[in-house]
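Topology and contacts: notes
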There are 2 protein chains.
Amino acid sequence: MSNERLIYLPLGGAGEIGMNAYVYGYGAPGEERLILVDIGVAFPDMDTTPGVDLIFADITWLEERKNQLEAVFITHAHEDHVGAIGHLYERLGMPKVYARAFTGNIARGKLAEYGVGDNAVKICNAWPDQVDAGPFKVGFLPISHSIPESSALVIDSPEGRVIHTGDFKLDETPLVGEAFNEELWKEVASSGVRALICDSTNVFSHNEGRSEAVVGPEITKLVNESTGMFVATTFASNVARVKTLADAGAAAGRSICLLGRAMRRMIEASIKTGVLSDFPTVVSPEDAKNIPRENLMLIVTGSQGERRAASAQLARGKHMGLTMKEGDTFLFSSKTIPGNEKGVIHIINSFSELGVDIVDDSSGLYHVSGHANRPDLLKMHEVVNPQIVIPMHGEHRHLREHTKLAEQNRRKGVLAVNGTMVSLSGNAPEVVEYVETGRTYLDGSVQVGALDGVIRDRIRMALNGHVTVTVVLDENDDPLGDPWCDLMGLPEMGRSQAALQDVLEEDLSQFLNRANGATLSDDGKIEEALRRVVRQSANDEIGKKPEVTVVVSRLT
Amino acid sequence: MSNERLIYLPLGGAGEIGMNAYVYGYGAPGEERLILVDIGVAFPDMDTTPGVDLIFADITWLEERKNQLEAVFITHAHEDHVGAIGHLYERLGMPKVYARAFTGNIARGKLAEYGVGDNAVKICNAWPDQVDAGPFKVGFLPISHSIPESSALVIDSPEGRVIHTGDFKLDETPLVGEAFNEELWKEVASSGVRALICDSTNVFSHNEGRSEAVVGPEITKLVNESTGMFVATTFASNVARVKTLADAGAAAGRSICLLGRAMRRMIEASIKTGVLSDFPTVVSPEDAKNIPRENLMLIVTGSQGERRAASAQLARGKHMGLTMKEGDTFLFSSKTIPGNEKGVIHIINSFSELGVDIVDDSSGLYHVSGHANRPDLLKMHEVVNPQIVIPMHGEHRHLREHTKLAEQNRRKGVLAVNGTMVSLSGNAPEVVEYVETGRTYLDGSVQVGALDGVIRDRIRMALNGHVTVTVVLDENDDPLGDPWCDLMGLPEMGRSQAALQDVLEEDLSQFLNRANGATLSDDGKIEEALRRVVRQSANDEIGKKPEVTVVVSRLT
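Residue positions are counted from 1 within each chain, in the order its sequence is given. Ligands are numbered from 1 and chains lettered from A, in the order in which they are written. With pLDDT at 70 or above as the cut-off, local features in this predicted model cover only qualifying residues; side-chain atom pairs require 80 or more to be listed or tallied, and sums for whole chains, interfaces and linings still use all residues. Processing note: side-chain calculations cover all non-hydrogen atoms of the structure and skip hydrogens and water entirely.

On to the overall build of chain A. By definition, any uninterrupted DSSP run of H or I lasting at least four residues is a helix, any uninterrupted run of E lasting at least two residues is a strand, and each is numbered from the N terminus. Check the secondary structure of chain A and you find 17 helices and 29 strands. Principal axes of the C-alpha set define a box for chain A whose edges measure 85 × 75 × 45 Å. For the exposure calls, accessible area comes from a 1.4 Å probe over protein chains only, and a residue counts as buried if that area is under 20% of its type's maximum, exposed if over 50%, partly exposed in between. A buried classification covers 60% of the 556 residues belonging to chain A. Residue pairs in contact within chain A that sit at least 24 positions apart in sequence constitute 71% of those at least 6 positions apart. Accessible surface, chain A: about 21,700 Å² in total, of which carbon and sulfur atoms supply 45%. Computed over 54 positive and 77 negative side-chain charges, the inter-centroid distance for chain A is 3 Å. Residues are treated as being in contact if the distance between any of their heavy atoms lies within 4.5 Å. Accessible surface area values rest on a Shrake-Rupley calculation with a 1.4 Å probe, where residue burial reflects the displayed protein chains alone. Charge convention: Lys and Arg are scored as positive, Asp and Glu as negative, and His as well as the terminal groups of each chain are ignored. Where a charge sits is defined by one atom per residue type, namely NZ (Lys), CZ (Arg), CG (Asp) or CD (Glu).

Residue and element names in this part refer to chain B. As for its position among the elements, serine 425 is in the loop between strand 23 (420–423) and strand 24 (430–434). The contacts of serine 425, once residues within four sequence positions are left out, are Glu4, Arg5, Leu6, Glu159 and Arg194. We define a polar contact as two N or O atoms separated by no more than 3.5 Å, with the added condition that, inside protein, one atom must be a possible hydrogen donor and the other a possible acceptor, whereas residues neighbouring each other in sequence contribute only through side-chain atom pairs. In this structure the side chain of serine 425 is engaged in a polar contact, spanning 3.0 Å, whose partner is the side chain of glutamate 159.

Our next topic: the relation of the copies chain B and chain A. Superposition of the copies used a least-squares fit over C-alpha atoms from residues whose pLDDT is at least 70 in both. The two copies are related by a screw motion: chain B maps onto chain A through a turn of 180 degrees and a shift of 0.0 Å along the axis, at an RMSD of 0.0 Å. In symmetry terms, the pair is related by a two-fold rotation axis. Residue by residue, 100% of the interface of chain B is reproduced at the interface of chain A, so both copies engage with the same surface.

Moving on, we get to the pattern of salt bridges. Salt bridges are defined by distance alone: a side-chain nitrogen of Lys or Arg within 4 Å of a carboxyl oxygen of Asp or Glu. Counted by the stated rule, this structure contains 54 salt bridges over all chains. For B:Asp357, the salt bridge identified is with A:Arg400, shortest N-O distance 3.1 Å. Note that B:Asp357 is positioned in strand 19 (residues 357–359) and A:Arg400 in helix 13 (residues 396–408), a pairing that runs across two chains. By relative accessible area, B:Asp357 is classed as partly exposed at 27%. A relative accessible area of 12% means that A:Arg400 is categorised as buried. B:Asp443 is paired through a salt bridge with A:Lys544; the nearest N and O atoms lie 3.1 Å apart. Taken together, the residues span two chains, with B:Asp443 in strand 25 (residues 439–443) and A:Lys544 in the loop between helix 17 (523–542) and strand 29 (547–554). Across the pair, A:Lys544 and B:Asp443 agree in class, each one buried. The network of salt bridges with shared partners includes A:Glu182, A:Lys186 and A:Lys379.

The next thing to look at is the pairing of strand 1 (residues 5–12) of chain A. All names here are of chain A. Buried residues dominate strand 1, accounting for eight of its eight residues. The pairing of strand 1 with strand 3 (residues 21–27) spans seven bridges and is classified as antiparallel. Bridging across to strand 3, glycine 12 finds its partner in alanine 21. Strands qualify as paired when DSSP identifies two bridges or more between them.

Moving on: the sheet that holds strand 19 (residues 357–359) of chain A. All names here are of chain A. Strand order in the open sheet made by the five strands is 16-17-15-18-19, with parallel pairing throughout. A single partner strand is all that each edge strand has here, and the edge strands are strand 16 (255–259) and strand 19. Direction aside, neighbouring strands of the sheet carry axes that sit 20 degrees apart on average. Axis lines are fitted through C-alpha atoms, for helices just across the contact stretch, and the angle between N-to-C directions can take any value from 0 to 180 degrees. Relative to strand 17 (residues 296–300), helix 7 (residues 239–251) is tilted by about 170 degrees, and along the sheet it contacts strand 15 (230–233), strand 16, strand 17 and strand 18 (329–332). Lying on the sheet, helix 8 (residues 261–272) is in contact with strand 16 and strand 17; it crosses strand 16 at an angle near 110 degrees.

Moving on: helix 11 (residues 341–354) of chain A. For helix 11 of chain A, which comprises 14 residues, the first-to-last C-alpha distance of 20 Å matches the rise-based estimate of 20 Å (1.5 Å per residue) to within 8%. Residues of helix 11 of chain A that are buried: A:Glu341, A:Val344, A:Ile345, A:Ile347, A:Ile348, A:Asn349, A:Ser350, A:Phe351 and A:Ser352. As for helix 11 of chain A, its buried residues are in contact with helix 10 (310–316), strand 18 and strand 19 of chain A together with helix 11 (341–354), strand 21 (394–395) and helix 13 (396–408) of chain B. One less than the number of residues in a helix, times 1.5 Å, gives the span that helix is expected to have.

Another aspect to go through is the sheet that holds strand 7 (residues 69–73) of chain B. Residues and elements named next belong to chain B. If you walk across this open sheet you meet the eight strands as 9-8-7-4-3-1-23-24, and the pairing is mixed. Single-partner strands in this sheet number two, and they are strand 9 (121–123) and strand 24. Across this sheet, the average inter-strand angle for adjacent strands is 25 degrees, counted without regard to direction. Where strand 3 (residues 21–27) meets strand 4 (residues 33–37), five bridges bridge the pair, whose relative direction is antiparallel. The partner of valine 23 across the bridge, within strand 4, is leucine 36. Docked against the sheet, helix 4 (residues 101–112) engages strand 8 (96–99) and strand 9, running at close to 165 degrees with respect to strand 9.

Residues and elements named next belong to chain A. When you line up the elements, alanine 240 lands in helix 7. When the C-alpha positions of alanine 240 and alanine 406 are compared, they lie 31 Å apart, and in sequence the two are 166 residues distant. Setting aside its immediate chain neighbours within four residues, alanine 240 contacts Pro174, Leu175, Val176 and Glu212.

Moving on: helix 15 (residues 500–514) of chain B. Residue and element names in this part refer to chain B. Taking 1.5 Å of rise per residue, 15 residues should cover 21 Å, and helix 15 covers 21 Å from first to last C-alpha, within 8% of that figure. By the burial criterion, the buried members of helix 15 are Leu500, Val503, Leu504, Glu505, Leu508, Ser509, Phe511 and Leu512. On its buried face, helix 15 sits against strand 27 (466–473), strand 28 (484–488), helix 16 (517–520) and helix 17 (523–542).

So, about the nonpolar core. Definition used in this section: a nonpolar core is a set of buried Ala, Val, Leu, Ile, Met, Phe, Trp, Tyr and Cys residues joined via side-chain atoms within 4.5 Å. One finds A:Ile39, A:Leu62, A:Val469, B:Ile39, B:Leu62 and B:Val469 to be the most contacted residues of the largest nonpolar core, which totals 204 residues. Excluding residues that lie within four positions of it along the chain, B:Leu62 makes contacts with B:Leu11, B:Val23, B:Leu34, B:Leu36, B:Leu69 and B:Leu92.

Okay, the packing of helix 14 (residues 454–464) of chain A against helix 14 (residues 454–464) of chain B next. Each pair of packed helices gets described by two things: the angle between the helix axes and the distance between those axes. Close contact between helix 14 of chain A and helix 14 of chain B brings their axes to 8 Å; oriented N to C, the two are set at 180 degrees. On the basis of the axis angle, helix 14 of chain A is roughly antiparallel to helix 14 of chain B. On helix 14 of chain B, the residues touching A:Arg458, A:Met461, A:Ala462 and A:Leu463 of helix 14 of chain A are B:Arg458, B:Met461, B:Ala462 and B:Leu463. Note on residue categories: nonpolar means Ala, Val, Leu, Ile, Met, Phe, Trp, Tyr, Cys or Pro, charged means Asp, Glu, Lys or Arg, and polar means any other residue, Gly included. Residues of the contact of helix 14 of chain A with helix 14 of chain B, tallied by class, amount to six nonpolar, no polar and two charged. For this classification, under 35 degrees means roughly parallel, over 145 means roughly antiparallel, 65 to 115 means roughly perpendicular, and everything else is oblique.

Each partner contributes residues to the interface: chain B has 60 residues there, and chain A has 60 residues. Accessible-area loss on putting two parts together, using a 1.4 Å probe and summing over both, is the definition of buried area adopted here. Taking both partners together, chain B and chain A bury about 5,000 Å²; carbon and sulfur atoms supply 60% of that area. Linking chain B with chain A are eight salt bridges, by the criterion used here. Counting the contacts that link chain B with chain A gives 29 residue pairs in polar contact (both at pLDDT 80 or more). If you list the elements that add at least two residues to the side of chain B that touches chain A, you get helix 11, helix 13, strand 26 (446–449), helix 14, strand 27, strand 28, helix 17 and strand 29 (547–554) of chain B. Across the side of chain B that touches chain A, the residue classes tally to 25 nonpolar, 17 polar and 18 charged.

With respect to the element layout, A:Asp328 can be found in the loop between helix 10 and strand 18. In this structure the side chain of A:Asp328 is engaged in a polar contact, spanning 2.8 Å, whose partner is the backbone nitrogen of A:Lys325.

Residues and elements named next belong to chain A. Between helix 4 (residues 101–112) and helix 8, the least distance of the axes is 9 Å, while the angle of their chain directions is 130 degrees. What the angle tells us is that helix 4 and helix 8 run oblique. Helix 4 and helix 8 meet at a crossing whose hand is right-handed. Along its contact with helix 4, which presents Phe102, Asn105, Ile106 and Gly109, the element helix 8 presents Arg265, Met266, Ala269, Ser270 and Lys272. Its residues placed into classes, the contact of helix 4 with helix 8 shows four nonpolar, three polar and two charged. For any pair of crossing helices, the crossing counts as left-handed if the nearer helix is rotated counterclockwise from the farther one by less than a right angle, and right-handed if it is rotated clockwise.

Here we come to the pairing of strand 27 of chain B. Residues and elements named next belong to chain B. Within strand 27, eight of the eight residues are buried, which leaves the element mostly enclosed by the surrounding structure. Residues His466, Thr468, Thr470 and Val472 line one face of strand 27 and the alternating positions Val467, Val469, Val471 and Leu473 line the opposite face, and both faces are buried. As paired strands, strand 27 and strand 28 are joined by five bridges and run antiparallel to one another. When the sheet's bridge partners are listed, valine 467 is paired in strand 28 with leucine 487. Here eight bridges tie strand 27 to strand 29, and the two strands are oriented parallel to one another. When the sheet's bridge partners are listed, threonine 470 is paired in strand 29 with valine 551.

Below you can see the structure in the form of structure tokens.
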């Protein structure tokens, strides 16, 4: 008994913003009973993950211990917390999944795509209810964020109480969903908290966070001042914002139309699970077409410039029969996530070409963050007053800064990136193991390891182009006819002003004519040699060394 | 004579930030004598231009009229204004190039890479000197910017005076280079200005611009407070900033070491051309290694997170024998250009892992922009008091906003994007023609048209992977042996848990066995059919349709 321990092990989210996945365990070393908090996705980009659909934390460690896994708890329904539940459910050994009603509704939708029934997800009430999960008792403690029903987890173990904040802000007027209830939090913390595992994303924002309630009057004013069609985008999951936008539109006598699958999905889930009431009546896109534009408000997906979302389609000209034009207004009631700037700017310029007036958040009037800023983090530390602060959900720079912040205020901070197993037992937290972690790519319908080389090869083809070389050799290893090349992603002509294909084929032909039997009889040697000829010859011609596939056909 | 006209035609820069290239002409329609103002580059990205080295304006229109081209004038030495001079010099018909000393030094370096001698660039004095260029007289009117010797162009024609601002800010204390001299500008404008062609990049910045002089005291304070090694990055061409950094370091008793080719190149050019004096003595990287870190300041390239620059190399561990560690400070005395966020953040996190303290510009203390903000643009309009304002150097949104700004202040504004030929003759400006424009990619050593399909194919391979299919057919069009596949950038295994290659080969083999003579005897048909088999089969297995190259070898 004495060697049992309480451990914390982030598999994702501690070293990036996205793909949250945090393991807690209690038991004898190596035999801990485990729970997983959140199982989210991160999003790919052309620079590092071309063609990839989604990114998950590598859960191999957990998969190998799935019989130790008691349950999965989902703090809230953002994709970076719940998005991987369907894709990884089977690999996790089909565990029990616990969530509150709205979050559970979204999780069930994701599991249904893999044919998993609704009963996989158990719907929980908020604190003071608790769920038994092996050695743990876990409760959902309401906290405000930019999505309904976000919850911190109160994780009780034989070693004491841990609080995992999930994503949060300290908002006493969140409009939809529960307000931050300082008294309740103090009460929960009053018995002593061993560790606070705490959201870090906004640690570099030095001002106190602003309430969701502050944007309503500004949006209302903007809508009232606009004369043409009014279109607004925000994250679909920010139900409070969608409601604020819709209320502002309705108050101005505009009909509300929701565009984009996610937008409709989130509002439906909110109404169904009771987190949203009093949402204005919406009209279909078909009906919207017949409404005078000055009486219409569209609330659309695509705040991050996503190519296929409603905002991008409107920017390209038309979506569901609706078009924007001179005199219309488009509002980004959102911030641009780093990396998405070019996509967003592209849309703004397209709207500019249509004569649409764009209002973005540069004024700070039409968006507030869903995360706790630096002063709010300090307040959270004070309210919970834990023995240890472990920053989570952030890049290394956020975790480091948050750790410093805790330590500046005389708390024990632990900088634990993905794979760092921290024991919370004993007198002081202690790193007891480094676990191999990484990323898994969902690529089409297949899960690929980030280090498998698949994506590396794609990036190389994107940078360098590709040449297929074909050579046919007869029974005596003599070339039968000339070698030929197929080029993809390469310029047609190079330095010598002849077709690149002809130059390459000529050089290959000359090489083959000179090649000796030892080379020609060995597939490996001939492939390597021909690859080198192509890369050298292309480099001379076009200043680029392509990727090369050599196909040797032998007549035997 | 009466039908002669003065025209303005942007080929690049009016619809993007980057690749500036503006044509002015005077003469009978179609026979105008032309000058080109600036010939810059834009920078590629993985999303749209993987593997591309640089982007230029498509100068085909000008190339076809190179015998009408009198000269090229370069306003300043930023890459987006001078970067393409070497690459396009021959296509432009080897025109005369005019620039002031510092700019000319940089231009000569670029031309030298193409074997063009220094005498191609004529060094000009500042206003009131003027250069004759056919019907034009052109003078270099000093203006402040973030690089020495930036100049507006005063372009006199028989139709009157035009002022082309180049990039500018209104800085009366720029530290290096000439201050904005309002009196001189008023004097130049006093005889009447037909059109002001004006920088637009900061039209959305609502505060008055700040002088270069404001950052010095803040940087000095920061350097004095830091205890370990101090490393700072900024644009190498921002010579004033480099000097401010070096002065702050020297004043704190630190030895200064410049890292990165561009950094040394710019300082050398500045000293050689006399725009910079009193630069602190620098030490070599070799010597720097032997200096205690608390006595050392590095000024390095790579403010935009460029992978090969000195900052990125230091972040990865070591550069020129120098390493950073806990207690050191890294300052971004720069802003991140949209699109570069991920690269910069990556470096910041790498430094964070090393324990280095990062100071960026989020406080606004350590960087000022080199461009005129909205109030400064208005002031420029007032000082020059032109009949017409034509916004240039900006994305569509900037040009549109700047046009509106001019019109709100009762000036005639013209929104002219790339390819819009505007006649500045007659009572009002008039769009007289739309010229086909676009982009040219420097890809390795070859210039490729943006619409040639080369890059599109690379992007497809990056997104979808690539399969080479090889089939050998005998004299009777019968398959000789089985078809085979080479995969690149694709997962090894798919849904059926067999090697993807085997599944594809099996499906191809089955198809060939069923194929009729009409298909097998026709290369086009067989290629199309096999491509379809691979894409369908891969889609079933891995949820992805790869790019396919089919190689049919026929024994004849």
